[in-house]
Amino acid sequence: MSSFKYNSSELFCENVNLKEIAKDFGTPSYVYSKKAIEENAKAYVNSFDNPKNLACFAVKSLSNISILKIIKDLGCGFDIVSGGELHRVLSIGADPKKIIFSGVGKTEKEIEQGIQTNILSFNVESASELYTIERKAKDLNSSAPISIRINPDIDSGGHDYITTGRKGDKFGISSIQDIFELCRYSSTSQNLNLVGLACHIGSQILDLDGYIKSADKIFELSDQLSKEGIELDFLDLGGGLGVTYEDEVPPVPKELISSLEKKFSGRKERLILEPGRSISANTGVLLTKVEYIKDNFLIVDAAMNDLLRPALYKATHGVCNLDEKKESTKNWNIVGPVCESSDFLAKNVSIEAVEGDYIAINNAGAYGFVMASNYNSRPRACEVLINDDKSSLIRKRETFDDLLELERIND
Ligand SMILES: *Cc1c(COP(=O)(O)O)cnc(C)c1O
């Protein structure tokens, strides 16, 4: 959280006092550092030795268009998982040839959208999806670029809800035989263009072993295909690099890229990565106000509808008072006003706080605002971007009228 630091005992984001943000924009609010976003994206882009290799930012982790534009301008592509995300990245002028479309349940409409946009590749996750893409491409008199997402059966560790590369997870195709059949089929189809192989083994990964093993598996497949005369443009090793929420020490992007490029040396395929969290997580905090104190509860004005990760995955986020105070010996549970016992933002945290104080929930940039909902008819928080000593509102706080906007009374 290098962009978020105390300055004379008050928490700043870059050169802006966060208490000013809380007062000017209200709470709860998401606040992001432009500098941190740039540093994190550059940590990928500038680490590639081979200029053809590509980092496609996983839009699902943080999708505000102001932020996507910053990331695009630094040279990243995008990994998308829905038509809505495709719409977002096109709205900021993303290069279609740097867009990868992932996800197990692409609809015909989304497939059509992707073909018409001329994206780099659909990462295909089942035989049925492959045939649907072929049919859609035929309807459109076109040839759709695809890669097969394999399930390499690698356990990357971490919470069950965020591993994606084990047999029995719903992602990718695990049978080697099926993978070959689909590749061979695609290579003879008029309406499919097999351009790569892909995998994504999980999230919050803390060592490089899984990536190395995945690369080995994917190389084996690609080599076999090459023997059969099928040459691929890229091998996509997914995202998933972890970040420091508490005391984890994940490898930095440079280490990941160096070891993979070393493995790729002498190969014809390009390397693609799909980082999400490792670019977005430490760029943002969620600001919230302590409304009430009761027993060991700090009851704040942010809730699970604003930041779902603690309720969804028992995720832990560091917290701090915007006024730097000495560590208190009291252990607090920080909870919101939503009527669910799972509505907590942090448990057993030791900070000093009184009613009316402002608190920052750290590392909330990834899978934070993007998972926000209107549960309990709570308008979603605003998003603010800090650039040096300036702040700009990049998403307005929703209003009560916004909540009713799409609803009609049936008469
Ligand atoms: C979620 C996801 C990512 C990004 O994962 P992070 O852990 O945020 O880096 C990349 N690729 C695919 C296919 C995903 O589903």
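One can find the structure itself at the top, above this paragraph.
Now for a look at the structure at hand. The residue numbering used here restarts from 1 in each chain and proceeds along that chain's sequence as written. The model is predicted, so local features are restricted to residues of pLDDT at least 70 and side-chain atom pairs to those at 80 or more, both for listing and for counting; the totals for chains, interfaces and linings are taken over all residues. With hydrogens and water stripped out, all remaining heavy atoms of the structure feed into the side-chain values.

1. Observations concerning the state of the cysteines
Phase 1: Sulfur atoms of two cysteines make up a disulfide when they are within 2.5 Å. In total, this model carries zero disulfides according to the counting rule given.
Phase 2: Considering cysteine sulfurs only, Cys183 is the nearest to Cys199, which forms no disulfide, with 13 Å between them.
Phase 3: Free of any disulfide, Cys320 has its nearest neighbouring cysteine sulfur in Cys13, separated by 12 Å.

2. A look at the sheet that holds strand S12 (residues 270-273)
Phase 1: The strand order S5-S6-S7-S8-S9-S10-S11-S12 describes a closed barrel built from eight strands, whose pairing is parallel. With strand direction ignored, the average angle separating the axes of adjacent strands in the sheet is 30°.
Phase 2: The criterion for strand pairing is that DSSP finds at least two bridges linking the strands in question. Each helix corresponds to a stretch of at least 4 residues labelled H or I by DSSP, and each strand to a stretch of at least 2 residues labelled E; elements are numbered beginning at the N terminus. The pairing of strand S10 (residues 192-198) with strand S11 (residues 234-236) spans three bridges and is classified as parallel. Bridge assignment links Ala198 to a residue of S11, and that residue is Asp236. Orientation is described by axes fitted as lines to C-alpha atoms, over the contacting stretch for helices, and by angles from 0 to 180 degrees between their N-to-C directions.

3. Here's the deal with the nonpolar core
Phase 1: Among the nonpolar cores identified, the biggest contains 87 residues, and Phe78, Phe122, Ile148 and Leu197 are the most heavily contacted of them.
Phase 2: Of all the elements, helix H8 (residues 209-227) adds the most residues to this core, at six residues.
Phase 3: The contact partners of Ile148, leaving out residues within four places of it in the chain, are Val124, Leu130, Ile173, Ile179, Leu182, Cys183, Leu194, Gly196, Leu197 and Ala198.
Phase 4: By size, the runner-up hydrophobic cluster in this structure holds 17 residues, among which are Cys13, Leu18, Ile21 and Tyr358. Here, the term nonpolar core denotes a set of buried Ala, Val, Leu, Ile, Met, Phe, Trp, Tyr and Cys residues that are joined through side-chain atoms within 4.5 Å. Relative accessibility thresholds used throughout: buried, under 20% of the residue-type maximum; exposed, over 50%; partly exposed, between the two (1.4 Å probe, protein chains only). Residue contacts follow a heavy-atom distance rule, with two residues in contact if any of their heavy atoms lie within 4.5 Å.

4. What about the side chain of Ser61?
Phase 1: One can find Ser61 in the loop between strand S5 (54-58) and helix H3 (65-73).
Phase 2: For Ser61, a relative accessible area of 0% gives the class buried.

5. Some thoughts on the site of the ligand
Phase 1: Each residue is tested against the molecule or strand, and it is near if at least one of its non-hydrogen atoms lies within 4 Å. With respect to spatial proximity, 14 residues lie near the ligand, and among them Lys60, Ser203, Glu274, Arg277 and Tyr367 are the closest.
Phase 2: Between Asp79 and the ligand, the recorded distance is 3.2 Å, taken from a side-chain N or O atom to a nitrogen atom.
Phase 3: We call two N or O atoms a polar contact when they sit within 3.5 Å, provided that within protein one can donate a hydrogen and the other can accept it, with sequence-adjacent residues counted only if both atoms are side-chain atoms. Between the ligand and Tyr367 there is a distance of 2.6 Å, counted from an oxygen atom to a side-chain nitrogen or oxygen.
Phase 4: Every accessible area reported is derived by Shrake-Rupley at a probe size of 1.4 Å, with residue values counting cover from the shown protein chains alone. Within the complex, the protein chains bury 93% of what would otherwise be the 390 Å² of accessible surface of the ligand.
Phase 5: Broken down by class, the residue content of the shell around the ligand amounts to three nonpolar, six polar and five charged. Residues are sorted three ways: Asp, Glu, Lys and Arg are charged, Ala, Val, Leu, Ile, Met, Phe, Trp, Tyr, Cys and Pro are nonpolar, and all the rest, Gly among them, are polar.

6. Re the packing of aromatic side chains
Phase 1: Centres within 6.5 Å make a pair out of two Phe, Tyr or Trp rings, where for Trp the six-membered ring is used; the pair is then stacked when the planes are under 30 degrees apart, edge-to-face when over 60, and tilted otherwise. Within this structure, the stated rule accounts for five aromatic pairs.
Phase 2: For the ring pair Tyr30 and Tyr32, a centre distance of 6.3 Å and an interplane angle of 10° mean the geometry is stacked.
Phase 3: Within the aromatic cluster, the residues linked to one another by ring pairs are Tyr30, Tyr32 and Phe369.
Phase 4: The criterion is that NZ of a Lys, or CZ of an Arg, lies within 6 Å of the ring centre and within 35 degrees of the ring normal, and then a charge sits over that ring. One cation-aromatic arrangement involves Arg267 over Phe219; the distance from NZ or CZ to the ring centre is 4.0 Å.
Phase 5: Cation over ring: Lys347 sits above Phe344, and NZ or CZ is 4.1 Å from the ring centre.

7. Structural notes on the pattern of salt bridges
Phase 1: Salt bridges are defined as contacts in which a side-chain nitrogen from Lys or Arg sits within 4 Å of a carboxyl oxygen from Asp or Glu. Applying the stated criterion to the full structure yields 21 salt bridges.
Phase 2: Between Lys35 and Glu39 there is a salt bridge whose closest N-O contact spans 3.8 Å. With Lys35 and Glu39 both in helix H2 (residues 34-45) and four residues apart, this pair spans about one turn of that helix.
Phase 3: Classification of Lys35 as partly exposed rests on a relative accessible area of 41%.
Phase 4: Ionic pairing is found between Arg270 and Asp233, a salt bridge with its closest N-O pair at 3.1 Å. Note that Arg270 is positioned in strand S12 and Asp233 in the loop between H8 and S11, a separation of 37 residues in sequence.
Phase 5: The exposure class of Arg270 is buried, given its relative accessible area of 16%.
Phase 6: Assessed through its relative accessible area of 30%, Asp233 is described here as partly exposed.
Phase 7: Each of Glu108, Glu112, Arg135 and Lys136 takes part in one network of salt bridges that share partners.

On their own, these measurements won't tell you what the molecule is for.
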